[in-house]
Amino acid sequence: MKTEILPAEDPSTLRRAATALREGEPVALPTETVYGLAANALDARACARIFEAKERPLSDPLIVHLPGLEWLERVAVANATAIRLAGIFWPGPLTLVLPRQPIIPDIVTAGQETVAVRLSAHPVFRQIALNTGTPLAAPSANRFGRISPTTAEHVRAELDGRIGLIVDGGPCAHGIESTIVLVADDGLRILRPGPISAEDLAAVAPLHGAEAADDVVVPGSLKSHYAPRTPLDIESEPAPHPKDGLLAWSPVALAGFGAVEVLSATGDPREVAANLYAAMRRLDAAGLRRIVALPGPETGLGAAIMERLRKAAARG
Ligand code: TXA
Ligand code: MG
């Protein structure tokens with residue numbers, strides 16, 4: 001299959017994407033977090049093609065992206081807390097795990113009684129979802145276990161020949177995946193840290209410890225995830241080596257590495273997150289022995305970035 005990248009600025013691209021989605025084909029789309037591989041969430045066969053293209057195990061459920069808020073209660077059972085969170089953080093990088101409605105096929109939830117839902121803030125994604133007229137199931141548009149794509153070219157590097165269409169909406173603003181939160185009657189549990197921080201959520205509802213309930217599949221629960229092929233270590237005082245690449249949050253005076261990626265001139269975590277996956281991909285392509293990442297602060301968005309680095313560093 002030939003994989004085309006078409007510009008989002010061209011109105012015919014949006015029409016083609018919606019038509020392909022309605023016909024049951026998966027299409028890669030930009031979101032404000034990372035690129036997603038979307039399919040009609042109400043069509044089990046279309047969703048099966050996502051798993052096939054990504055080589056994703058069927059045990060790993062998909063996030064359902066709503067065309068508008070009015071879809072929330074058609075796909076999920078939303079309590080008062082869920083409706084409050086949606087009112088505050090949607091459209092945006094927050095995914096809510098809620099009891100499912102029967103309209104959602106089993107393949108999307110991996111047979112679980114919950115469904116993960118979000119409303120993307122990306123204007124291209126929103127327009128295509130509206131034109132398609134159905135919720136869109138969309139995992140990150142990478143092969144399973146690999147680094148999430150933050151540009152159309154990254155998607156091509158992951159899925160070339162496996163999907164027909166990539167809609168190019170430029171680089172993603174946040175650069176890391178949405179925060180996933182389990183909404184229970186007695187409060188919230190963060191299942192995956194992300195752009196909406198624990199501090200943001202705790203201001204809205206009681207936040208329980210990070211340990212997940214027994215009956216919930218924890219996102220990215222495999223220890224290794226978001227992983228480059230080159231081994232990655234987190235070290236605060238690495239010894240320079242010409243075969244090692246350095247991944248730094250802010251400018252550092254460290255000579256002797258084979259390659260250096262500075263993620264932000266000022267160490268701004270938002271900029272670090274936005275540049276993280278592209279920098280990891282460049283270092284991964286540089287033929288290095290290993291990548292050494294310097295650690296950063298563990299608060300706010302920093303916590304989500306550190307979680308991604310730890311997953312990238314985990315072997316096996
Ligand atoms: O920012 C994002 O969330 C991106 C964009 C494309 O929206 N999507 C994304 O999807 O990161 P994915 O599939 O790469 O990661 C979603 C995670 C998976 O680890 C999955 O296990 C988890 O969400 N998940 C999905 N449904 C769930 C559910 N019902 N309960 C618990 N975890 C769930
Ligand atoms: Mg993913």
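Cut-off values and rules
- Throughout this document, residue positions are counted from 1 along each chain, in the order its sequence is written.
- Think of it this way: whatever chain is written first is A, whatever ligand is written first is 1, and the rest follow in order.
- A pLDDT threshold of at least 70 governs which residues receive local features in this predicted model, and a stricter bar of 80 or more applies before side-chain atom pairs are shown or counted, although totals over entire chains, interfaces and linings include all residues.
- Excluded from the side-chain calculation are hydrogens and water; included are all heavy atoms of the structure.
- The split of the chain into domains comes from an automatic or database domain assignment.
- By definition, the buried area sums, over both parts, the 1.4 Å-probe accessible area that each loses when the two are put together.
- By salt bridge we mean one thing: a side-chain nitrogen of Lys or Arg within 4 Å of a carboxyl oxygen of Asp or Glu.
- Nitrogen and oxygen atoms within 3.5 Å of one another constitute a polar contact, given that in protein one can donate a hydrogen and the other can accept it, and given that sequence-neighbouring residues count only through two side-chain atoms.
- Paired strands, in this sense, are two strands between which DSSP finds at least two bridges.
- Think of it this way: any DSSP run of H or I at least four residues long counts as a helix, any run of E at least two long counts as a strand, and we number them from the N terminus.
- Note on method: axes are straight lines fitted to C-alpha atoms, helices fitted across the in-contact stretch only, with angles between N-to-C directions ranging 0 to 180 degrees.
- Two residues form a contact once any of their heavy atoms are found within 4.5 Å.

Topic: the domain arrangement of the chain
Segmenting the chain into domains produces domain 1 (4-213) and domain 2 (232-313). Domain 1 and domain 2 are separated by 27 Å when their C-alpha centres are compared. Interface area for domain 1 against domain 2, summed over the two sides, is near 1,300 Å², with a carbon-plus-sulfur share of 57%. If you sort the residues of domain 1 by the area they bury against domain 2, Ile147, Ile176 and Pro193 come out on top, with a joint share of 41%. Between the two partners, domain 1 and domain 2, sit three salt bridges. Between Glu158 and Arg281 there is a salt bridge, with its nearest N and O atoms 3.2 Å apart. Taken together, the connections running from domain 1 to domain 2 amount to seven residue pairs in polar contact (both at pLDDT 80 or more).

Section: the sheet that holds strand S11 (residues 232-234)
Strand pairing in a sheet relies on backbone hydrogen bonds. The paired strands run either parallel or antiparallel. Taken together, four strands build an open sheet; the order of strands is S11-S14-S12-S13 and the sheet is parallel. Each edge of the open sheet is held by one strand with a lone partner, namely S11 and strand S13 (259-262). Looking at each pair of strands side by side, their axes are set apart by 20° on average, direction ignored. Two strands pair when backbone bridges link them, and strand S12 (residues 244-248) and strand S14 (residues 290-293) are joined in this way by four bridges, in the parallel orientation. Bridging across to S14, Gly245 finds its partner in Ile291. The strands touched by helix H9 (residues 269-284) within the sheet are S12, S13 and S14, with S12 carrying the most contacts at an inclination of about 170°. Lying on the sheet, helix H10 (residues 301-313) is in contact with S11, S12 and S14; it crosses S11 at an angle near 130°.

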